[in-house]
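Breakdown of the fold
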Amino acid sequence: MNENATRPIGVFDSGVGGLTVANAIRQVLPNERLIYFGDTAHLPYGDKSKETIMGYSARITRFLLDQQCKVIVIACNTASANAYETIVSESVDRALVVDVINPVVEFVTAGSKYKRIGVIGTKGTINSGTYVGKIIARNPHISVESLATPMLVPMIEEGFIFDDISNAIIRTYLSKPELSQIQALILGCTHYPIIKNQINKFFNFEVDVIDSSRIVANHLRNILVTHNLLNQNPDPGHKFYVSDFTDYFQAISKLFFEENIALEKINLWN
Ligand code: DGL
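The notes below deal with the structure included here. Every value quoted in this text rests on a predicted model; they were computed, and no experiment measured them. (Residues numbered from 1 in each chain as written. Predicted model: local features only at pLDDT ≥ 70, side-chain atom pairs only at ≥ 80, totals over all residues. Heavy atoms only, no water.)

1. A short note on the site of the ligand
Around the ligand, the structure places D13, S14, P44, Y45, G46, C76, N77, T78, T122, C189 and T190. Residue S14 places a side-chain N or O atom 2.6 Å away from an oxygen atom belonging to the ligand. At 3.0 Å from a nitrogen atom of the ligand is found a side-chain nitrogen or oxygen belonging to T190. Here the ligand, which alone exposes 300 Å², has 97% of that area covered by the protein. (Near = heavy atom within 4 Å. Polar contact = N/O pair within 3.5 Å; in protein donor to acceptor, adjacent residues only side chain to side chain. Areas by Shrake-Rupley, 256 points an atom, 1.4 Å probe, with all protein chains shown as cover.)

Structure, rendered in structure tokens:
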């Protein structure tokens, strides 16, 4: 086995939502050791400027590289949309980089299944135009409509998931004309897989609701295989760091990772 194969996989997000991606990764790649970093001191990234997101992402990338990570997974759509190039240049010759947008763009543009696609995400993700630009660059015949849905993150974090409030917010956003006649909807935010069932129901299961976490985990496995970096020996000692710790973050982390985990505070900005 390649000696680098036993190095961990670094996964980061603005907070604990990226644990949906970490959860998919541990299911698809059970031998891999994960080092997760949630930048809870600086969230939400969705409302921040590109420069600020680039700065935070660069610092976190250096931390994960110091932990000897073989791959950096940007488990945050807003950071993927605004800081991908920064993270790649920080990691050059030291680690591979996987984001949550490129694998989904490849997935929806493979074949010619979709003619009209919707994307929902934070303001930072949607205003960057990254999804639209990348999809159209691969297939100019697809029409892509995007919609910022900023109320969904706080709604999910506050536990409004299966009730009248969440149904009203979901219905209000998804009824917008931008999303009419779509054949697929990309969930362009780490939190949205939590409300996938409600979104499916809204569309009467007639629209393909694309949850990036599984797609990203499968893409990561392919990358590891291609680079001979797949860990053959089980190494489950995952670590979960956050830049700010509260009982609230600890409590909601279970919602995203589907298991109790211990968050550990570490300050990268001293
Ligand atoms: N993790 C972010 C994303 O996927 C959502 C939360 C935030 O705005 O920081 O875009």
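Moving on, there is more to tell.
2. As for the packing of helix α1 (residues 19-28) against helix α10 (residues 212-226)
Interaxial distance between α1 and α10 falls to 8 Å at its minimum, and their mutual angle equals 45°. Put simply, α1 runs oblique to α10. In the crossing of α1 with α10, the sense of the turn from one axis to the other is right-handed. For the pair α1 and α10, the contacting residues are T20, V21, A24, I25, Q27 and V28 in the first and S213, R214, V216, A217, N218, L220 and R221 in the second. Its residues assigned to classes, the contact of α1 with α10 comprises 7 nonpolar, 4 polar and 2 charged. (Axes fitted to C-alpha atoms, helices over the stretch in contact; angles between N-to-C directions. Helix = DSSP H or I, 4+ residues; strand = E, 2+ residues; numbered from the N terminus. Parallel < 35°, antiparallel > 145°, perpendicular 65-115°, else oblique. Left-handed = near helix turned anticlockwise from the far one by under 90°. Contact = heavy atoms within 4.5 Å. Nonpolar A, V, L, I, M, F, W, Y, C, P; charged D, E, K, R; others polar.)

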